[in-house]
Amino acid sequence: MASLAEMRIEDVEEPSMDPQARPEELRLLEALLFASTEPLDQATLAKRMPDGVDVKAALAQLQVEYASRGVNLVRIANKWTFRTAGDLAWLMTRESTETRKLSRAAIEVLAIIAYHQPVTRAEIEEIRGVVTSKGTLDVLLETGWIRPRGRRKTPGRPLTFGTTESFLSQFSLEALGDLPGLEELRGTGLLDTRLPTGFTVPNPSDDPTPREDEDPLEPGDLDLALAPPVEPEPPSEGGGGD
């Protein structure tokens, strides 16, 4: 019986100790992704891998391996990173509750930008039906979830806004196309089931290329986005007339 037990132990232990049992490229990818402080795209990973490695296939295999673990390999905005498994999010409750809560106005503005980008402040106000304070946009800019992306080719050349990779990361979206559509929003109760005839939810796009009605940002536009409004100078007293 002792020899039989030894045979069973050997049968179980030997495969797990075999260094060739798992492709080396998976270990390399793990090391790169764990060491990085931010998500990495496939091209960046490929530069660090040996020649001939099919990085796309290796990432897919690694993703399957980690699917049932406490940490999952996920793709966000075409970049790869390790994240805590969704069903274990409760472990991070303390960190989540310590973050600043967005106002209802900020949530509405964020949703409009996500679905309608590129969109200007005036267009946001037209959709909401109320004036949007500059402070609301400032809060969203400070979170890093939205960004100025261009200027509309209209009088005054207002800034257009869009979402960022941080927005996708925060809400665990691979792309903007993963945002819920009309039927999903109805199902969650976020939209009234008695909607006006012809009501639609736009298909969001995060294509960074300027649209036909957009000009690219100019130097200093990013600074102006968070700058306080310039107060007009008071008229000088006793100035000579023409």
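Residues numbered from 1 in each chain as written. Predicted model: local features only at pLDDT ≥ 70, side-chain atom pairs only at ≥ 80, totals over all residues. Heavy atoms only, no water.

A.B. asks: Residue-level account of the overall build of the chain, with values.
C.D. replies: Secondary structure summary: the chain contains 11 helices and 7 strands in total. For the chain, with 242 residues in total, the buried portion stands at 27%. For the chain, contacts bridging at least 24 residues in sequence account for 55% of all contacts bridging at least 6. Taken as a whole, the chain presents about 16700 Å² of accessible surface, with 54% of it coming from carbon and sulfur. (Helix = DSSP H or I, 4+ residues; strand = E, 2+ residues; numbered from the N terminus. Buried < 20%, exposed > 50% of the residue type's maximum accessible area, 1.4 Å probe, protein only. Contact = heavy atoms within 4.5 Å. Areas by Shrake-Rupley, 256 points an atom, 1.4 Å probe, with all protein chains shown as cover.)

A.B. asks: Go over the packing of aromatic side chains, please, and point to the residues and values.
C.D. replies: The description of two aromatic rings rests on the distance between their centres and on the angle between their planes. Tallying each qualifying case throughout the model produces 4 aromatic pairs. Geometrically, the ring pair formed by Y66 and F82 is tilted, given 4.8 Å between the ring centres and 55° between the ring planes. Of this pair, Y66 sits in helix 4 (residues 55–66) while F82 is found in strand 3 (residues 79–84), placing the two residues 16 residues apart along the sequence. Here Y66 and F82 have matching classes, each one buried. (Phe/Tyr/Trp six-rings, centres within 6.5 Å; stacked < 30°, edge-to-face > 60°.)

A.B. asks: So what's going on with the nonpolar core? Which residues, and what values?
C.D. replies: I113, I146 and F167 are the most contacted members of the largest nonpolar core, which has 25 residues in total. The set of elements that each furnish at least two residues to this core consists of helix 6 (104–116), helix 8 (134–143), strand 6 (159–163) and helix 9 (165–170). Among the elements that take part in this core, helix 6 stands out by supplying 7 residues, more than any other. Apart from the residues lying within four places of it in its own chain, the contact partners of I146 are L110, I113, L137, L140, L141, F161, G162, T163 and T164. (Core = buried A, V, L, I, M, F, W, Y, C linked by side-chain atoms within 4.5 Å.)

A.B. asks: Kindly report on the confidence of the model for the chain, identifying the contributing residues and their values.
C.D. replies: Any segment with low pLDDT has predicted coordinates that should not be analysed in fine detail. Confidence in the prediction for the chain averages 77 pLDDT; 71% of positions are at 70 or higher. Low pLDDT, under 50, characterises residues 1–17; the predicted model gives this stretch 2 contacts beyond four residues in sequence or across chains. Across residues 227–233, where pLDDT falls below 50, the model places 2 contacts with residues more than four positions away in sequence or in other chains. (pLDDT = per-residue confidence, 0-100.)

A.B. asks: Tell me about the side chain of T164, residues and numbers included.
C.D. replies: With respect to the helices, strands and loops of the structure, T164 is situated in the loop between strand 6 and helix 9. Using a relative accessible area of 14% as the deciding quantity, one classes T164 as buried. Among the polar contacts listed, one links the side chain of T164 to the backbone nitrogen of S166, at a separation of 3.3 Å. If we ignore the near neighbours within four places in the chain, the residues touching T164 are G144, W145, I146 and R147. (Polar contact = N/O pair within 3.5 Å; in protein donor to acceptor, adjacent residues only side chain to side chain.)

A.B. asks: An account of helix 6 is requested, with residue identities and associated values reported.
C.D. replies: With 13 residues, helix 6 should reach 18 Å at 1.5 Å per residue; the first-to-last C-alpha distance of 18 Å fits that figure. The set of residues buried in helix 6 consists of A106, V109, L110, I112, I113, A114 and Y115. (Expected span 1.5 Å × (residues − 1).)

A.B. asks: Describe the pattern of salt bridges, and please don't skip the residues or the numbers.
C.D. replies: Counted under the stated rule, the structure contains 14 salt bridges. In this structure, E24 engages R27 in a salt bridge whose closest nitrogen and oxygen atoms are separated by 3.0 Å. Note that E24 and R27 are positioned in helix 2 (residues 24–35) at a spacing of 3 residues, about one turn of the helix. With its nearest N and O atoms 3.4 Å apart, the salt bridge here joins E165 to K79. (Salt bridge = Lys/Arg side-chain N within 4 Å of Asp/Glu carboxyl O.)

A.B. asks: Could you give an account of the sheet that holds strand 6, with specific residues and numbers?
C.D. replies: Strand order in this open sheet of 4 strands is 4-6-5-7, and the pairing throughout is antiparallel. The strands lining the two open edges of the sheet, one partner per strand, are strand 4 (119–120) and strand 7 (214–215). Here strand 5 (residues 146–152) pairs with strand 7 via 2 bridges, running antiparallel. When the sheet's bridge partners are listed, R151 is paired in strand 7 with D215. (Pairing = 2+ DSSP bridges.)

A.B. asks: Can you lay out the sheet that holds strand 3 for me, pointing to particular residues and giving the numbers?
C.D. replies: Sheet strands pair by backbone hydrogen bonding; their relative direction is either parallel or antiparallel. Here we have 3 strands laid out as an open sheet, ordered 1-3-2, and antiparallel in their pairing. Edge positions in the open sheet fall to strand 1 (40–41) and strand 2 (71–76), since each of these has one partner strand only. In the sheet, strand 2 pairs with strand 3 via 6 bridges, with the strands oriented antiparallel. Following the sheet pairing, R75 is matched in strand 3 by W80. Lying on the sheet, helix 2 is in contact with strand 1, strand 2 and strand 3; it crosses strand 3 at an angle near 75°. Sitting on the sheet, helix 4 is in contact with strand 2 and strand 3, with an inclination near 140° to strand 2. (Axes fitted to C-alpha atoms, helices over the stretch in contact; angles between N-to-C directions.)

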